[in-house]
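Each chain is listed here by its residues.
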2 protein chains.
Amino acid sequence: MQKLMNSPESYVQDMVEGIIAAHSDQIALLDGDFRIIVRAKKPENPKVGIVTAGGSGHLPLFLGYVGEGLIDGCAVGDVFASPSSEKMASMIRACDSGKGVLLLYGNYTGDILNFRMAADEVEFDEIEIVEIIGRDDCASAPAEKAGTRRGVAGLIFGYKIAGAAAEAGYSLAQVAAVTERAFSGLRTMGVAMSPCVVPTVGKPTFSIEGGKIELGMGIHGEAGIEVADMLTADEVATLIFDRINAELKLAADDKVTVMVNGLGATPLDEQYIVYRKVAMLLGELDVEIVMPHIGEFATSMEMSGLSISIMKLDEELEKLLKAPAKSPFYTTDNM
Amino acid sequence: MQKLMNSPESYVQDMVEGIIAAHSDQIALLDGDFRIIVRAKKPENPKVGIVTAGGSGHLPLFLGYVGEGLIDGCAVGDVFASPSSEKMASMIRACDSGKGVLLLYGNYTGDILNFRMAADEVEFDEIEIVEIIGRDDCASAPAEKAGTRRGVAGLIFGYKIAGAAAEAGYSLAQVAAVTERAFSGLRTMGVAMSPCVVPTVGKPTFSIEGGKIELGMGIHGEAGIEVADMLTADEVATLIFDRINAELKLAADDKVTVMVNGLGATPLDEQYIVYRKVAMLLGELDVEIVMPHIGEFATSMEMSGLSISIMKLDEELEKLLKAPAKSPFYTTDNM
């Protein structure tokens, strides 16, 4: 696992510079700061701002979802590390157009700490703030402790729903309400077969024995539920589906969207092999799948493995899911 | 390197079934045959058909480019193996609407043999056929032997140009002429740092020593120019750029498009770090970059490494590059 980089220290800045070099028609740095990504063009009419933040190493998460019908700004941390509260505060100010700002991010201690300090800072600017924290990883804690669960790939559905609601002119309270409703019917679980390397560390930060699969592993290599002997694709799909559906309790005529998310090194081939079984399992229950997402949406650099997310849809959520969205890394046009 | 699959024997069929389950609004199997992918809706007006074929293991190549403004059909082989001439012939017939069919594929012995047998077969159907073979990998043979070079990620630019020309109503001869012109100004070179596993083999089919990088390696692990000690991202970008530009001889005010293509396990982060340097090198020459492509377009399952392609543009090629295109794996809407 060798990295094509110039130095561990310049990894994040070089990456952001490359992204801006390629996509300056769509996204920009705030005041030239590579730690803060905003849309290249401000939305034409005032709208609720949607912002996020998180560590690097998860592309396209987080900054890849800054775009039309999605989010307005992203503060960029070092690999697997939260950005500072100062960057978050600058971003929040830049993304407020008088209708308030939704802070939408994953349940990680550093991000929570820094976002709350940032919220305190911008209080003096009279910016109305609501915070919603993604906790979709149902393998990271039992249902009784759902509040302690980690936020993973499901966050992207949060961006999609909140972003579409904001674009449609919803108030901050309305955006927050529909996003909370989306999260309440959204669960994710992942598996991993090999680790990744944090550039400044230079070697795998954890290990998975050959022939084994770690069930429920987090996107930073957080321990999962169990280390099992390698399973088939159908077994993995069924195991994750059962765990998710124990909570969602899907029934005939329900509608869902599905994400099969590659963690980095797992080929698209295998992601589709797993999706095939998920679609069969949902079909057996007469559950309709709307706009499936298969690909790399939230990675862990070169980790191998994948996650499955399922989100229940009602009429409003389906409409918001399907609303146009366009960023350099995500568009509704090929879903 | 463990695979999420059900069995090596069902790998390709399971993958194709998953893809069709997800994208049946855009693509379909011809007569239920998982070896032949066509568009779900035939183009409304007769147009030149564009077809391709190749082994599996390279997603989104090849079948991922069946779509509007791109190609019309793809015959699907086993991993790293050509599909049969019978499948190719059925596909050619299905994609002919009376204006002829362009066979557009990479320079591999099996594909050439089978496509030529297929062309012989459909001769009796009075379908006009032209064949164009991608040979963009400039590391696979010296310029004097350019005819023996392999076709790699540059093939996707071929699909884009030919597909747009066909959609615009060009005749078969005109589509062929503009595609040949695109290829004449197109070069690719890749590097790899770790191998991939063919499912039916079950172990890496070649090896790269730790701390080494293979310069010029092909997408099936074909040996490159040299095995070197690991290089920085800027060194890799410069080395490949210099080799490509020795042939393209770019000068001020030239326009190009660029593809940085991840081979599978290499994070998007690193692809953008390499793109950053390519953009700088082109900037130093005052060469303008149009619609850069960064991501996984032609992979080798879980191989780590990437390739860089550069294609010179004239006014017509630029227009065709930018023309709308939409498949489940590629859309101009986020470029």
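Relevant structure appears above.
Note that the structure is a prediction, hence the values are computed from the model and not measured.

Cut-offs applied
- Residues numbered from 1 in each chain as written.
- Chains lettered and ligands numbered in written order.
- Predicted model: local features only at pLDDT ≥ 70, side-chain atom pairs only at ≥ 80, totals over all residues.
- Heavy atoms only, no water.
- Phe/Tyr/Trp six-rings, centres within 6.5 Å; stacked < 30°, edge-to-face > 60°.
- Helix = DSSP H or I, 4+ residues; strand = E, 2+ residues; numbered from the N terminus.
- Buried < 20%, exposed > 50% of the residue type's maximum accessible area, 1.4 Å probe, protein only.
- Contact = heavy atoms within 4.5 Å.
- Buried area = accessible area lost by both parts, 1.4 Å probe.
- Salt bridge = Lys/Arg side-chain N within 4 Å of Asp/Glu carboxyl O.
- Pairing = 2+ DSSP bridges.
- Axes fitted to C-alpha atoms, helices over the stretch in contact; angles between N-to-C directions.
- Least-squares fit on C-alpha atoms with pLDDT ≥ 70 in both.
- Expected span 1.5 Å × (residues − 1).
- Polar contact = N/O pair within 3.5 Å; in protein donor to acceptor, adjacent residues only side chain to side chain.
- Right-handed = clockwise from strand over helix to strand, strands pointing away.

Trainee: Tell me about the packing of aromatic side chains, residues and numbers included.
Mentor: Counted by the stated rule, this structure contains 10 aromatic pairs over all chains. Between the aromatic rings of Tyr272 of chain A and Phe329 of chain B, the centroid separation amounts to 5.6 Å while the plane-to-plane angle is 55°, which identifies the pairing as tilted. Of this pair, Tyr272 of chain A sits in helix α7 (residues 268-284) while Phe329 of chain B sits in the loop between β14 (326-327) and β15 (330-331), on two different chains. Exposure class is identical for Tyr272 of chain A and Phe329 of chain B. Each is buried. With centroids separated by 5.8 Å and ring planes inclined at 40°, the aromatic side chains of Tyr65 of chain B and Tyr159 of chain B adopt a geometry described as tilted. Residue Tyr65 of chain B is found in the loop between β3 (49-56) and β4 (73-79), and its partner Tyr159 of chain B is found in helix α4 (residues 155-167); the two are separated by 94 residues along the sequence. Using a relative accessible area of 0% as the deciding quantity, one classes Tyr65 of chain B as buried. Judged by relative accessible area, which is 0%, Tyr159 of chain B ranks as buried. Feature note: the residues Tyr65, Tyr159, Phe297 and Tyr330 of chain A constitute an aromatic cluster, connected by ring pairs.

Trainee: Help me get a handle on the interface of chain A and chain B, residues and values and all.
Mentor: Contacts between the two partners involve 57 residues from chain A and, on the opposite side, 57 residues from chain B. For the pairing of chain A and chain B, the buried interface totals around 4700 Å² over both sides, and the portion due to carbon and sulfur atoms is 57%. In this assembly, chain A and chain B are joined by six salt bridges. A salt bridge links Arg276 of chain B to Asp14 of chain A; its shortest N-O distance comes to 3.6 Å.

Trainee: Outline the sheet that holds strand β1 (residues 27-30) of chain A, listing residues and values.
Mentor: Residue and element names in this part refer to chain A. The mixed open sheet is built from six strands, whose spatial order is β1-β2-β4-β3-β5-β6. Here the strands that pair on one side only, and so sit at the sheet edges, are β1 and β6 (129-134). Within the sheet, the average angular offset between the axes of one strand and its neighbour, ignoring direction, is 25°. Bridge count between strand β5 (residues 101-106) and β6: six bridges; the pairing is parallel. Paired with Leu104 across the bridge in β6 is Ile132. Along the sheet, helix α4 (residues 155-167) contacts β2 (33-39), β3 (49-56), β5 and β6; its crossing angle with β5, the most-contacted strand, is approximately 170°.

Trainee: I'd love a proper account of the relation of the copies chain A and chain B, names of residues and values included.
Mentor: Each copy superposes on the other: chain A lies on chain B with an RMSD of 0.0 Å after a rotation of 180° and an axial shift of 0.0 Å. Such a turn and shift between the copies fits a two-fold axis. By C-alpha distance to the rotation axis, the residue of chain A lying nearest is Ala265 of chain A, at 1.9 Å. When you check the interface residues of chain A against chain B, 100% turn up at the interface there too, and the contact is symmetric in its surfaces.

Trainee: Lay out the sheet that holds β3 of chain B in plain terms, naming residues and giving numbers.
Mentor: Residues and elements named next belong to chain B. An order of β1-β2-β4-β3-β5-β6 is seen for the six strands of this open sheet, with the pairing classed as mixed. The strands lining the two open edges of the sheet, one partner per strand, are β1 (27-30) and β6 (129-134). Averaged over neighbouring strand pairs, the angle between their axes works out to 25° when direction is ignored. Where β1 meets strand β2 (residues 33-39), four bridges bridge the pair, whose relative direction is antiparallel. If you follow Leu30 over to β2, its bridge partner there is Asp33.

Trainee: Let's hear about helix α3 (residues 109-122) of chain A: which residues, and what values?
Mentor: Because an α-helix packs 3.6 residues into every turn, residues spaced three or four apart end up facing the same way. All names here are of chain A. The end-to-end C-alpha distance of α3, which contains 14 residues, comes to 20 Å, matching closely the 20 Å that a straight helix rising 1.5 Å per residue would cover. When α3 is considered as a whole, its buried residues turn out to be Asp111, Ile112, Asn114, Phe115, Ala118, Ala119 and Val122. For α3, the secondary structure elements touched by its buried residues are β3, α2 (85-95), β5 and β6.

Trainee: Tell me about α7 of chain A, and name the residues and values.
Mentor: All names here are of chain A. Here α7 contains 17 residues, and its C-alpha end-to-end distance of 24 Å stays within 8% of the 24 Å for a straight helix at 1.5 Å per residue. Along α7, 14 of the 17 residues are buried, which leaves the element largely enclosed by surrounding structure. Just downstream of α7 lies Asp286, where phi reads positive at about 60°.

Trainee: With reference to specific residues and values, describe the side chain of Thr257 of chain A.
Mentor: Residues and elements named next belong to chain A. Here Thr257 is to be found in strand β10 (residues 255-262). Within the local environment of Thr257, its side chain forms a polar contact with the backbone oxygen of Val290, the two atoms lying 2.8 Å apart. Look past the residues within four positions of Thr257 in its chain and what remains in contact with it is Phe157, Val290, Met291, Pro292, His293, Ser309, Ile310, Met311, Leu313 and Leu321.

Trainee: Quick rundown of the pairing of strand β5 (residues 101-106) of chain B? Include the residues and the values.
Mentor: Residues and elements named next belong to chain B. Counting buried residues in β5 gives six out of six residues, a clear majority hidden from the surface. Neither face of β5 is open: one carries Val101, Leu103 and Tyr105, the other Leu102, Leu104 and Gly106, and all of them are buried. Crossover handedness for the path β5 to helix α3 (residues 109-122) to β6: right-handed.

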